[in-house]
Amino acid sequence: DRLECNFTPRLETIDRLEALFASLFSDLAADAEVPCFKIASATWFDEDCRWIVLSSERFTALNLKRSGFAVLLRVLAEAYILLKSNSKRTIRDIYYNDVPFYKSQAAVSNSLSQACRLLRVDRSSLNIESTAKGLVAGDVSIAIDGMTNLTYAAASSKCTNLLPAMTQGLTVRTRGAKCVIVVEKDTVYQQLYEDGLLSRLACIMVTGKGYPCLSTRYFVAQCSQQLQLPVYILVDCDPHGIAIMLSYLYGTMAAAHVNHLLAVPTGKWLGPTPHDLDRFQVPEEALLGMGPGDHAKLQSILGMYSDLDPVIEEGVRELGSRNVKAEVEALNTPAFPNFLAERYVPTRLIEEGVMRQ
């Protein structure tokens, strides 16, 4: 069975926290066994729903004697204080409030995920957010709890609009977008915007600036679900680019408890694929050699996902056999510096039936 953590009302989350604390104090008062939290930890790729899920039957015990216990307890206390005062803080704020104790932001984030799994709530239900990272541009308006906070048209909008934090009250609307284009890197996203892609194509363009945060993934998922728009992902033709794409499509192990809110298994690889490197005549000097770490990453991908999209699986295997990789920017050449926006993306979307020739 799967364990899924969902948006939970504030007062209900407070009740769950108080029950958890009461149980812990009871164990301490009884002088019984060392108090511990049992945290769901086993993950796998579910072929039915097509994303990484969390088991509701297998747990890891985190007890008072382990180093992470104190950090988790502190994060739970922070969440309780925030919920009682109906205020919010970011992971960064919490970390910098006591750097010697937490030692790293990753420790706070990891403990926050553990807290969510313990209480069976999503991160926003604890009033602790990640610092905004993802950007959006294009034909879209975004409202939170019915109040529009971002509205603009494709050709005239800025491209530096930060995506809002993941929240249940998020609503997205569009006047005529045909698709969502997710771009791996901020530099490529900015270049596509400057080269006029949004004036050629009615779309919503998003970047997570590398590995995406939960808020970016949630926004893309909401565009897919609420607007029924196809999602196309533009990433480097290398193992890490493919891994980033798969985090949008199938989720991640770290966020297995909320992948049902984030995954877009119907999304497609826009490119460039290994086949595209030949088809669009990427110069040989723009190709990079694959190292042992790259091949290990590809094998990890093939081992993790038992039912990959056939196009993606073929691309992964071809990338390994060719032993070369390339960045998205390799499609642009000195002779045609705007090739990506003017030729490649339109050609691929014509092939996908999104644009007309």
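Heads up: these notes are all about the structure in this document. (Residues numbered from 1 in each chain as written. Predicted model: local features only at pLDDT ≥ 70, side-chain atom pairs only at ≥ 80, totals over all residues. Heavy atoms only, no water.)

1. Observations regarding the environment of Gln-168
Within the secondary structure layout, Gln-168 lies in the loop between β10 (161–162) and β11 (170–173). Considered as a pair, Gln-168 and Asn-127 are 41 residues apart in the sequence and their alpha carbons are 12 Å apart. In contact with Gln-168, other than residues within four places in its own chain, are Phe-7 and Tyr-218. (Helix = DSSP H or I, 4+ residues; strand = E, 2+ residues; numbered from the N terminus. Contact = heavy atoms within 4.5 Å.)

2. Some details on the environment of Gly-196
Topologically, Gly-196 is positioned in the loop between α6 (186–194) and α7 (197–200). Given a relative accessible area of 17%, Gly-196 falls into the buried group. As a C-alpha pair, Gly-196 and Glu-342 span 146 residues in sequence and 8.1 Å in three-dimensional space. (Buried < 20%, exposed > 50% of the residue type's maximum accessible area, 1.4 Å probe, protein only.)

3. Considering empty space enclosed by the protein
Summed over all chains, the structure comprises two cavities of 30 Å³ or more. Approximately 80 Å³ is the volume attributed to the largest cavity. If you list the elements that add at least two residues to the lining of the largest cavity, you get β6 (128–129) and α8 (214–227). Grouping the constituent residues of the lining of the largest cavity by class yields four nonpolar, three polar and three charged. For the second largest cavity, the full set of lining residues is Arg-2, Leu-3, Glu-4, Trp-51, Ile-52, Val-53, Leu-54, Ala-256 and His-260. With four residues, strand β3 (residues 51–54) is the largest single contributor of residues to the lining of the second largest cavity. (1 Å grid on protein atoms, 1.4 Å probe; cavity = no way out; pocket = protein on both sides within 12 Å on 5 of 7 lines; lining within 4 Å. Points joined across faces, edges and corners; volume = space filled by probe spheres on them. Nonpolar A, V, L, I, M, F, W, Y, C, P; charged D, E, K, R; others polar.)

4. Considering the packing of helix α1 (residues 10–30) against helix α2 (residues 67–85)
Running from amino to carboxyl end, α1 crosses α2 at an angle of 140 degrees, the nearest separation of the two axes being 10 Å. Our classification of the angle between α1 and α2 gives oblique. When you trace α1 past α2, the crossing you get is left-handed. Residues Arg-10, Thr-13, Ile-14, Leu-17, Glu-18, Leu-20, Phe-21 and Leu-24 of α1 form the contact with α2, whose participating residues are Phe-69, Leu-73, Leu-76, Ala-77, Ala-79, Tyr-80, Leu-83 and Lys-84. A per-class count over the contact of α1 with α2 returns twelve nonpolar, one polar and three charged. (Axes fitted to C-alpha atoms, helices over the stretch in contact; angles between N-to-C directions. Parallel < 35°, antiparallel > 145°, perpendicular 65-115°, else oblique. Left-handed = near helix turned anticlockwise from the far one by under 90°.)

5. Looking at the side chain of Ser-124
Within the element layout of this structure, Ser-124 appears in the loop between α5 (105–119) and β6. At a separation of 2.6 Å, a polar atom in the side chain of Ser-124 contacts the side chain of Asp-122. In contact with Ser-124, other than residues within four places in its own chain, are Phe-7, Met-166 and Thr-167. (Polar contact = N/O pair within 3.5 Å; in protein donor to acceptor, adjacent residues only side chain to side chain.)

6. Points about unusual backbone geometry
Following Gly-271, the chain continues into Pro-272 via a peptide bond in cis, with omega recorded as -10 degrees. Tracing the sequence through the fold places Pro-272 in the loop between β15 (268–271) and α11 (274–279). The phi angle at Lys-209 is positive, at roughly 55 degrees, despite the residue not being glycine. Of note, Lys-209 is situated in the loop between β13 (203–207) and α8.

7. Describing the pattern of salt bridges
Applying the stated rule across the entire model yields 21 salt bridges. Put simply, Glu-318 and Arg-322 hold a salt bridge, and the shortest N to O gap is 3.6 Å. Taken together, the positions of Glu-318 and Arg-322, both in helix α13 (residues 310–322) and four residues apart, correspond to about one turn of that helix. Taking relative accessible area as the criterion, Glu-318 reaches 21% and is therefore assigned partly exposed. Arg-322 sits in the partly exposed class, given a relative accessible area of 25%. With its nearest N and O atoms 3.4 Å apart, the salt bridge here joins Arg-348 to Glu-352. Here Arg-348 falls in the buried class, since its relative accessible area comes to 8%. Here the salt bridges do not stand alone but share partners, grouping Lys-268, Asp-276, Arg-279, Arg-348, Glu-351 and Glu-352 into one network. (Salt bridge = Lys/Arg side-chain N within 4 Å of Asp/Glu carboxyl O.)

8. Observations concerning the packing of aromatic side chains
Scanning the model with the defined rule gives twelve aromatic pairs in all. Both rings, one in Tyr-95 and one in Tyr-96, keep their centres 4.8 Å apart while their planes meet at 65 degrees; by these two values the pair is edge-to-face. By relative accessible area, Tyr-96 is classed as partly exposed at 48%. In this structure an aromatic cluster arises from ring pairing among Phe-280, Phe-336, Phe-339 and Tyr-344. Above the plane of the ring of Phe-101 lies Arg-74, whose end atom (NZ or CZ) is 4.8 Å from the centre. (Phe/Tyr/Trp six-rings, centres within 6.5 Å; stacked < 30°, edge-to-face > 60°. Lys NZ or Arg CZ within 6 Å of the ring centre and 35° of its normal.)

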